[in-house]
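Chain by chain, the residues run as shown.
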Amino acid sequence: MTAIFLVRHGENDFVGKRLAGRLPGVHLNQRGKEQAHMLVDRLKQAPLKAIYSSPLERAVETATPLAVHLGLSIQPAPGLIELDYGEWQGAELDQLRTDPLWKKVQNTPSQVCFPGGENLRAVQQRAVEEIERIASLHDERDMIACFSHGDIIRLLLAYYLVMPLDEFQRLSADTASISLVFLTKDGIHVHSVNQAMTLDFQIPEINRKPEQK
């Protein structure tokens with residue numbers, strides 16, 4: 001079976017504040033760089049055959065320490081790029097929470113197309129197609145790592161867990177977290193989800209409703 005580690009990029013200054021989307025020049029902050037090096041300790045014993053990454057800087061920067069340690073190149077995986085959030089890209093999250101579309105994104109994402117951007121169902125499809133393209137390049141016994149983004153990883157996990165798209169918001173993919181999926185000719189096994197690199201145990205801010213005015 002092909003073992004695929006789905007790894008979210010490390011922290012950057014947009015996380016929890018603004019929607020980075022596909023903005024260029026969004027780099028790891030100091031905490032994100034530390035997380036990238038911590039991932040080396042977590043994955044250096046895995047017999048990885050290849051490393052793939054979204055082309056965005058924060059994903060490549062997260063993959064780089066592991067690739068250097070293992071002597072592997074980082075192969076591009078364009079289908080794992082972040083969502084195109086269109087007009088939402090770069091906006092502050094507190095502002096977006098007041099948009100009527102926000103509630104739809106949380107409750108019925110299968111019906112959402114971001115203004116000027118992508119449709120979530122199409123995003124899930126292209127991400128799955130990319131993972132399965134990558135898996136087809138490898139032997140069933142190979143182990144690979146794919147570095148991507150929170151929503152992309154959650155959409156992939158929802159698909160492989162046979163969850164309705166409208167339920168994908170129930171899943172988490174923290175920065176520098178690792179999820180593991182096995183793809184075989186006979187089926188799929190989701191081994192682990194959101195194995196995070198922190199012991200902070202902070203309560204996450206989940207789907208916070210905008211303040212009433």
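Residues numbered from 1 in each chain as written. Predicted model: local features only at pLDDT ≥ 70, side-chain atom pairs only at ≥ 80, totals over all residues. Heavy atoms only, no water.

Draft legend 1. Representation of the overall build of the chain in the model. The number of helices and strands found in the chain is six helices and six strands. Going from N to C terminus, the chain has its helices and strands arranged as β-α-β-α-β-α-α-α-β-α-β-β. Summarising its shape, the C-alpha atoms of the chain cover approximately 55 × 40 × 30 Å along the three principal directions. Out of the 213 residues belonging to the chain, those deemed buried represent 50%. (Helix = DSSP H or I, 4+ residues; strand = E, 2+ residues; numbered from the N terminus. Buried < 20%, exposed > 50% of the residue type's maximum accessible area, 1.4 Å probe, protein only.)

Draft legend 2. How the structure looks around unusual backbone geometry. Residues other than glycine seldom take positive phi values, yet valine 162 does so here, at roughly 60 degrees. Within the element layout of this structure, valine 162 appears in the loop between helix H6 (150-160) and strand E5 (178-183). Looking at valine 162, the relative accessible area reads 72%, which means it is exposed.

Draft legend 3. Region of the structure containing the confidence of the model for the chain. Confidence in the prediction of the chain, expressed as mean pLDDT, is 92, and 92% of residues score 70 or more. Per-residue pLDDT stays below 50 along residues 208-213; that stretch engages in five contacts with residues further than four places along the chain or on separate chains. (pLDDT = per-residue confidence, 0-100. Contact = heavy atoms within 4.5 Å.)

Draft legend 4. Representation of the pairing of strand E6 (residues 188-195). Direction of pairing for E5 relative to E6: antiparallel, over a ladder of five bridges. Looking across to E6, one finds that phenylalanine 182 is bridged to histidine 189. Counted between consecutive antiparallel strands, the loop separating E5 from E6 contains four residues. (Pairing = 2+ DSSP bridges.)

Draft legend 5. Examining helix H5 (residues 120-136) more closely. The end-to-end C-alpha separation of H5 is 24 Å, in line with the 24 Å expected for 17 residues at 1.5 Å each. Those residues of H5 that fall on the buried side of the exposure criterion are Leu120, Val123, Gln124, Arg126, Ala127, Val128, Glu130, Ile131, Ile134 and Ala135. Its buried side turned inward, H5 meets strand E1 (2-8), strand E2 (48-53), strand E4 (143-148), H6 and E5. (Expected span 1.5 Å × (residues − 1).)

Draft legend 6. Here's a closer look at the side chain of glutamine 35. In this structure, glutamine 35 sits in helix H1 (residues 30-43). Excluding residues that lie within four positions of it along the chain, glutamine 35 makes contacts with Gly10, Glu11, Thr175 and Ala176.

Draft legend 7. The pattern of salt bridges, seen in detail. Counted by the stated rule, this structure contains nine salt bridges. Of the charged contacts in the structure, one is a salt bridge between arginine 133 and glutamate 130, with a shortest N-O distance of 2.7 Å. With arginine 133 and glutamate 130 both in helix H5 and three residues apart, the pair spans about one turn of that helix. For arginine 133, a relative accessible area of 35% gives the class partly exposed. Among the ionic pairs, glutamate 167 bridges to arginine 170, the shortest N-O distance being 2.7 Å. (Salt bridge = Lys/Arg side-chain N within 4 Å of Asp/Glu carboxyl O.)

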